[in-house]
Structure formats: structure tokens, C-alpha cells
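Fold and geometry: a report
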Amino acid sequence: VEEIQRFYNPKDTQYATHSFHSYPGKFVPQIVRALIKEYTEENDTILDPFCGSGTSLLEANLLKRYAIGLELNPLGCLISNVKTTALDTRELRKATQILMREFKQKQKKLTLQDFIPEINKDIPDFSNRTKWFNPNVLRELTILKKIIRKIDDNNIRNFHLLAFSSTVKEASNSSSLYRLTFSNNKKIFPTLHVFYVFEKIISRMTFIMDIHNKIICSERTKTLKQDARSGFNFKKVDCIITNPPSFNFDFARSFKIHLWWLDEDVNLVDKKLIGTKRVKENITYLSIDWIDNLILELKKVRETTARALSKYFRDIEKVFQNSYRVLKEGRYCCVRANSFILLNTQIDIPRIFTELAERSGFRLMKRIKRNIPRKAFIFAKEDRTEEYLLFIK
Ligand SMILES: C[S@@+](CC[C@H](N)C(=O)[O-])C[C@H]1O[C@@H](n2cnc3c(N)ncnc32)[C@H](O)[C@@H]1O
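To start, this report covers the structure provided alongside it. Being a predicted model, the structure only gives us computed values, none of them experimental. (Residues numbered from 1 in each chain as written. Predicted model: local features only at pLDDT ≥ 70, side-chain atom pairs only at ≥ 80, totals over all residues. Heavy atoms only, no water.)

1. Focus: the pattern of salt bridges
Applying the stated rule across the entire model yields 23 salt bridges. A salt bridge links Lys94 to Glu91; the nearest nitrogen and oxygen atoms lie 3.7 Å apart. Here Glu91 and Lys94 lie together in helix 5 (residues 89-109), a separation of three residues that amounts to about one turn. Close ionic contact of Lys106 with Glu102 constitutes a salt bridge, the shortest N to O distance being 2.8 Å. Taken together, the positions of Lys106 and Glu102, both in helix 5 and four residues apart, correspond to about one turn of that helix. Judged by relative accessible area, Lys106 falls into the partly exposed class, the value being 28%. The network of salt bridges with shared partners includes Asp44, Asp238, Lys328 and Arg331. (Salt bridge = Lys/Arg side-chain N within 4 Å of Asp/Glu carboxyl O. Helix = DSSP H or I, 4+ residues; strand = E, 2+ residues; numbered from the N terminus. Buried < 20%, exposed > 50% of the residue type's maximum accessible area, 1.4 Å probe, protein only.)

Here is the structure:
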């Protein structure tokens, strides 16, 4: 890991199907690869209870291991599934051709009048639709989505849906990398803009699939849309590798433009994810003095934040307990952990995670610090330049 860190170049993380769709908080694949090689053998099973876009699942697959990923964000599930499912590219190309033909016909026939957001129920319902998307783009995305939804084959449909999801971002008026706001400087998009963006994205994905469909073995990998806090009902695994959600990251909201077009309810997704700030329950202390004192201190400054943080710790502990139950004896769980500053207080996540893991039965064997260039944190408001990997057994 230390060697990888020294020679690491962010551009090198885009090999195989890793580049299919952007996702914040992605693992560096080379690091996951090193961990898999160190702690498992061929045909072992790896679990990632927070698999996100499936980086660990794909790496496991490429290294001939089995892998199970849990994820509650529907977009994460979609990306992870598509990245780890080998497809026959002849079938894929055929489906794309039929779809593009139908798209061109429909877009000629249906005028802007057919796509007044308040009237056309096929346009997803979200506020400021015409500010996020130029009317022509709204119209073309709606036509495209409807045609993709009609594809019979589940895997081929998902592949196209993922390309569609990237198209949504590229054709939007989103002003930032993390798609939180729209820009008032409207971009000008010509007719068929969506068509050409989609065509470019799907051609690139199909080209990559063509090279990798003989290496990826779909049967080895499973992405489950499941809450990591609920019991795990699968056989014991040989290794766990995971990057848990951060407390202060607005996950669902940073995907909202994708979730809208996948017909998902952003608020509902947000409420379900660990780390959400929208918590109603009262503070429950952990009976670990120094952590409880930290929450008490935060409560004096802002009760809502203290409430959410205490829930975050309890949720993470549940996942450690589940992980402990499902990991074979003597095997390793590798967890990424980053400290951060909240209301001027340092939250020592590596130490807190270690306490929670040890209370669940694990033992900390070692921890590695990884320095990250400050510019890598495009989105983080907090002061954070290092991350840790915890190795618990
Ligand atoms: C830091 S991201 C993981 C990214 C992943 N390592 C990758 O390479 O894409 C954490 C993930 O945990 C997911 N998550 C949050 N709460 C969850 C829960 N209760 N059960 C399962 N997944 C959850 C989030 O949706 C997010 O995708």
C-alpha cells in the first residue's frame, strides 16, 4: 500500500470497467487489489458491506475471487452490477442500434409542446426542472429513458440505463462536479445533443466491455440492495474490505440528478443511508466515556449534529457486529477510516472505529496512514489530508 501511494496517479484508476460511471468516495482499485492479494486466495469470498460503485467487487472478480457487495443507494447498485456483469457485445450493439433508430424517429415526431413538464408525466418530477435541463434536453432525455425502460433483457437494459445516467450529468446545467447546483449561465444544446452524448458514452462502454467480457465472470459477484445494518444471511466469508460512508458527506443529494432520472426518491434514499444528518431519534450514548463526552460537548454547540453523530456511531457498530458474525475466524477485515473536523472539534474516526470494532469482537492488528494531496478533496469542506486503513482480525 505504501508503494502504491508513492507512485499513485489518479488517472490510473480508470482501467477495466472502473470508468463506467463517476461515484464519490471510490476506493483506489490498486489498493483494494493489494489487500485482496495479501489476505485471500483464488476462489475465496470477499464481502464489502458498503460496496458503492463496486470497486472491491470488480477487483475481486478480476482476481478470480467471489464477492458480495451490499449497497442501499440504487445508483451504487446499478453501477456495481453493470461493472461486474459480462455481456455479449454483439447483443449489446444490436440493442443499441434498435434503440437509437427508435429515438431518432420519436424525437422527430414529438415536439417541445409534447414535453411541458407540468403536463407530461414521463418527465420525472423535481423542482426547477427547466433550470437543471434545457427544454430540448428534457424532451430528449424523456424519450430516451422511455425507450431504454422497454428493453427486455435485464442486463442489457441496466447497461443502457447506466450510460443514460452519465448522459444526464453531461447534458445538464449542473454547475459543479458533484451536481449540487445548477448554473445560471445556460449552456446551449443543439437538437439531438442527448443522442450524441449517449452514443459517445455507450460506444466507449461497449468497447471496454468487448475487451473485458472474457475476463469478468458474472457468477462470481453479487450486489445486493440490502442494508448493512440488518442481519447478513449468507455463508461466512474469507475477508471484508470496505470504505464506510462518511458522516459529513451528503451522499444522496450529490446524486440527485441521477436519482431523479432513475425514478428514485432522493429524500427516501437519503434517510436510509448511514451518515445522514436528518436524524429524529434522541441521542443514545455508547457507554464509552471519551466518545460520550465528545457527543456531550457537541450537543452544547448543536444538538441536531450531536444526535446525528451518535446515530452514525451506533449504525457503524451494528455493521461491525454483523461483519464479525459473518467473517471466518482468524481472517481480516480492512476498513478505510478518515478523521474530520466538526464544529471545531476533531473527530478521530480511526480511533472510534477501532473501539467499536473491538467491542464487536475484533482485534486491531495494525493501521496504515495514507497521505493524500489536498487537491484530491474537491468536495470536502473540512480539513482532511490523510486517511487510515485499519486491519482488524
Ligand atoms: C464511501 S462509499 C463506498 C464507495 C465504494 N468503496 C466504491 O469504491 O465505490 C459508502 C457507501 O455506503 C453506502 N451506504 C450507506 N449506508 C448504507 C447502509 N445502511 N447499507 C448499505 N450501504 C450503505 C452509501 O450509499 C455509499 O455508496
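2. A word on the packing of helix 14 (residues 303-326) against helix 15 (residues 349-359)
Where helix 14 contacts helix 15, the axes come no closer than 9 Å and their chain directions differ by 50°. For the element pair helix 14 / helix 15, the angle class is oblique. For helix 14 against helix 15, the interelement crossing comes out right-handed. Residues Tyr312, Phe313, Ile316, Glu317 and Phe320 of helix 14 form the contact with helix 15, whose participating residues are Ile349, Ile352, Phe353, Leu356, Ala357 and Arg359. (Axes fitted to C-alpha atoms, helices over the stretch in contact; angles between N-to-C directions. Parallel < 35°, antiparallel > 145°, perpendicular 65-115°, else oblique. Left-handed = near helix turned anticlockwise from the far one by under 90°. Contact = heavy atoms within 4.5 Å.)

3. Describing the nonpolar core
Within the largest apolar cluster, 57 residues are counted, with the highest numbers of intra-cluster contacts made by Phe133, Phe159, Phe164, Phe198 and Trp261. The set of elements that each furnish at least two residues to this core consists of helix 4 (74-83), helix 5, helix 7 (135-149), helix 8 (154-170), helix 9 (193-212), helix 10 (251-254), helix 11 (256-261) and helix 12 (266-272). The element best represented in this core is helix 9, accounting for nine residues. Other than its neighbours up to four places away in sequence, Phe164 contacts Leu141, Leu144, Lys145, Ile148, Phe198 and Trp261. Counting 43 residues, the second largest nonpolar core, distinct from the first, contains Ile68, Ala308, Leu327 and Ala357. (Core = buried A, V, L, I, M, F, W, Y, C linked by side-chain atoms within 4.5 Å.)

4. Focus: the sheet that holds strand 9 (residues 386-392)
Within the open sheet, the seven strands sit side by side as 3-2-1-4-5-9-8. Their pairing is mixed. In the strand order of this sheet, the two ends are held by strand 3 (221-224) and strand 8 (364-371), each with one partner. Shown here is a sheet whose adjacent strand axes are inclined to one another by a mean of 15°, direction ignored. Judged from the five bridges that link them, strand 4 (residues 237-242) and strand 5 (residues 327-337) form a sheet pairing that is parallel. When the sheet's bridge partners are listed, Ile241 is paired in strand 5 with Cys334. Its contacts with the sheet place helix 3 (residues 55-62) against strand 1 (45-48), strand 2 (66-70), strand 3 and strand 4, and it is angled at close to 170° to strand 2. (Pairing = 2+ DSSP bridges.)

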